[in-house]
Amino acid sequence: MSLKKIAIIGAGVMGKKHAQTIIQHPLTELVAVCDPFSDAMAKEFAVPNFQDLNELFKNQLIDGVIIANPNRFHVSTAITCMQHGIPCLLEKPLALNTEEALSLISEQEKLNIPILVGHHRRHNPIIQQAKELIEKGIVGEINTFNALWSVYKPDPYFDIEWHRKAGAGVLAINLVHDLDLMRYLNGEIVSVQAMTSHKNRQLDVEDTISILVRFENGALGTLLASDAAVSPWGWDQNTEENKNSFATSPDQDCYYISGSQGALSVPNLEYWNYPENSQKSWAVNLVKNKIEPNKQEDVYLLQLSHFVDVINGQVEPISSPQDAIKNIQLLECIEQAAKEQRTVHLSSLTQLQKTA
Ligand SMILES: NC(=O)c1ccc[n+]([C@@H]2O[C@H](COP(=O)([O-])OP(=O)(O)OC[C@H]3O[C@@H](n4cnc5c(N)ncnc54)[C@H](O)[C@@H]3O)[C@@H](O)[C@H]2O)c1
């Protein structure tokens, strides 16, 4: 099978991560970089750098692009790539807001070129293992979903001006991935409440947030997070998925799911049920089981393998724009709920869009 020729658009931190992944993958080849402001990464990987997309497409044969430029360019870049017939792996977030996301979806449906959105955690084998346990009925009907993400962002992180501004906080930057996984494991969220706190850093941007969610299947969930708290709980620390950026605490869990038949903690994949043939009662001791979490595989390599399959037309993207827009809508509803101190229903957003 011939190697897929991939170009990277945006040669920053994530662009480099993707470049390293492409050169490791047996089925992909890095053929070009497109970054108007720096050719350092292209030089490092010995490929040409193009300053704009038209130059890139004029000069280079490409099977797929990875878009890792700043968020405000995601939609326009993806549309140009689709107009050239090129499948995209588009870094999260899909768009800056729902309106932009809808314009991207409308173009994508017209042009019919696949887009895989970079919610890379979905490719983690642990999430697939957790999903299988849930689908097997280990938990039964899910009633509660508690998620935690607390780490201490180093103080110099906030020397960068936009990191101090509202909209660049723990909700939009970090929790979008947890919300995506909560939806992936337990279905759509229909309403939210939220409280934010700025007490630790006294900045515009929130440092702590508490979110309540109601799922379509009736389950309730919480997502409690802080980037100003010292703790071992959070996806990155507990899965060891991102060892270069995050310290690890692999013996801890960050998602606790319980239901009519049992409970499951993720990522260590321990689960608890009543002994066979026993009465269901809070007076009966639970039996603890465990499956070994698969932490061996590189999530970015798995995401790239999936992108190759998407380019080949063998699979539908595991995270499509039609799916990822729901994460954007959730962020908007949570911000609104925190600001107005009320429950916000996602359907109110959808209705507003229909009448707009
Ligand atoms: N999946 C994840 O967990 C994850 C993590 C971090 C960042 N991201 C996403 O990746 C994207 C890039 O983030 P980053 O941290 O690498 O940013 P960065 O600032 O390090 O890099 C952005 C790069 O884009 C270049 N650029 C600016 N305008 C451009 C344009 N019009 N066309 C092409 N390139 C342009 C810049 O010169 C820079 O090299 C963002 O969308 C971010 O949200 C995702």
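Rules used in this analysis
Residues numbered from 1 in each chain as written. Predicted model: local features only at pLDDT ≥ 70, side-chain atom pairs only at ≥ 80, totals over all residues. Heavy atoms only, no water. Helix = DSSP H or I, 4+ residues; strand = E, 2+ residues; numbered from the N terminus. Expected span 1.5 Å × (residues − 1). Core = buried A, V, L, I, M, F, W, Y, C linked by side-chain atoms within 4.5 Å. Buried < 20%, exposed > 50% of the residue type's maximum accessible area, 1.4 Å probe, protein only. Contact = heavy atoms within 4.5 Å. Near = heavy atom within 4 Å. Polar contact = N/O pair within 3.5 Å; in protein donor to acceptor, adjacent residues only side chain to side chain. Areas by Shrake-Rupley, 256 points an atom, 1.4 Å probe, with all protein chains shown as cover. Salt bridge = Lys/Arg side-chain N within 4 Å of Asp/Glu carboxyl O. UniProt positions renumbered as here; feature names shortened; annotations may be inferred. Domains from an automatic or database assignment. Phe/Tyr/Trp six-rings, centres within 6.5 Å; stacked < 30°, edge-to-face > 60°. Lys NZ or Arg CZ within 6 Å of the ring centre and 35° of its normal.

## Here we look at helix H10 (residues 321-340)
For an α-helix the count is 3.6 residues per turn, leaving residues at separations of three or four pointing the same way. The first and last C-alpha atoms of H10 sit 28 Å apart over 20 residues, in line with the 28 Å expected at 1.5 Å per residue. In the segment just after H10, Gln341 is the residue with positive phi, at about 50°.

## Overview of the nonpolar core
Counting residues in each nonpolar core, the largest one holds 48 residues, and the members touching the most others are Leu175, Val192, Ile211, Ile257, Leu264 and Val266. Leaving out residues up to four positions away in the same chain, Leu264 has contacts with Ala130, Leu133, Ile134, Val139, Tyr255, Tyr256, Ile257, Leu269, Glu270 and Tyr271. With 31 residues, the next largest nonpolar core counts Val31, Leu90, Ala101 and Leu104 among its residues.

## Considering the environment of Lys153
Locating Lys153 in the fold gives a position in the loop between strand S7 (142-150) and helix H7 (170-186). Lys153 sits in the buried class, given a relative accessible area of 8%. In this structure, Lys153 is in contact with Phe158, Val170, Asn174, Arg201 and Asp227, ignoring residues within four places of it in sequence.

## Points about the site of the ligand
Neighbouring the ligand are 22 residues; Met14, Asp35, Asn71, His74 and Lys92 lie closest to it. Separating an oxygen atom of the ligand from a backbone N or O atom of Val13 is a distance of 3.0 Å. For the ligand, whose accessible area on its own is 850 Å², the fraction buried by protein is 73%.

## Some points on the pattern of salt bridges
Applying the stated rule across the entire model yields 20 salt bridges. Here Glu107 and Lys110 are joined by a salt bridge, their closest N and O atoms 2.9 Å apart. Here Glu107 and its partner Lys110 are both found in helix H5 (residues 98-111), three residues apart, which amounts to about one turn of the helix. The class of Lys110 is exposed, set by a relative accessible area of 62%. Two residues, Asp323 and Arg183, come together in a salt bridge whose shortest N-O distance is 3.0 Å. With a gap of 140 residues between them, Asp323 in helix H10 and Arg183 in helix H7 connect regions that are remote in the sequence. One salt-bridge network, held together by shared partners, links Arg122, Asp180, Arg183, Glu188, Asp323 and Lys326.

## A word on the UniProt feature "domain: Gfo/Idh/MocA-like oxidoreductase N-terminal" (unreviewed entry) in the protein
Sites flagged by UniProt as "domain: Gfo/Idh/MocA-like oxidoreductase N-terminal" (unreviewed entry) map to residues 5-119. A distance of 22 Å separates the end C-alpha atoms of residues 5-119, which is 42% helix and 21% strand.

## Focus on the environment of Ile115
Tracing the sequence through the fold places Ile115 in strand S6 (residues 115-117). On a C-alpha basis, the gap between Ile115 and Lys136 in space is 30 Å, while along the polypeptide they are 21 residues apart.

## Examining the domain arrangement of the protein
Here the protein is described as being made up of domain 1 (4-113) and domain 2 (122-297). Between the C-alpha centres of domain 1 and domain 2 there is a distance of 30 Å.

## What to know about the packing of aromatic side chains
A ring pair, where both rings are aromatic, is described by two values, the distance of the centres and the angle of the planes. Taken as a whole and judged by the stated rule, the model has five aromatic pairs. Where Trp149 meets Phe246, the ring centres are 6.5 Å apart and the plane angle is 80°; that geometry is what we call edge-to-face. Residue Trp149 is found in strand S7, and its partner Phe246 is found in the loop between helix H8 (235-239) and strand S11 (255-259); the two are separated by 97 residues along the sequence. When the centroid spacing of 5.7 Å and the interplanar angle of 25° are considered together, the rings of Trp235 and Tyr255 count as stacked. Taken as a pair, Trp235 in helix H8 and Tyr255 in strand S11 lie far apart in primary sequence, 20 residues in all. Residue Tyr255 is classed as buried on the basis of its relative accessible area of 0%. In this structure an aromatic cluster arises from ring pairing among Phe145, Phe215, Trp235 and Tyr255. Directly above the aromatic system of Tyr184 lies the positively charged group of Lys131, at a separation of 4.4 Å from the ring centroid. Between Arg201 and the ring centre of Tyr152, over which it is positioned, the NZ or CZ distance is 5.2 Å.

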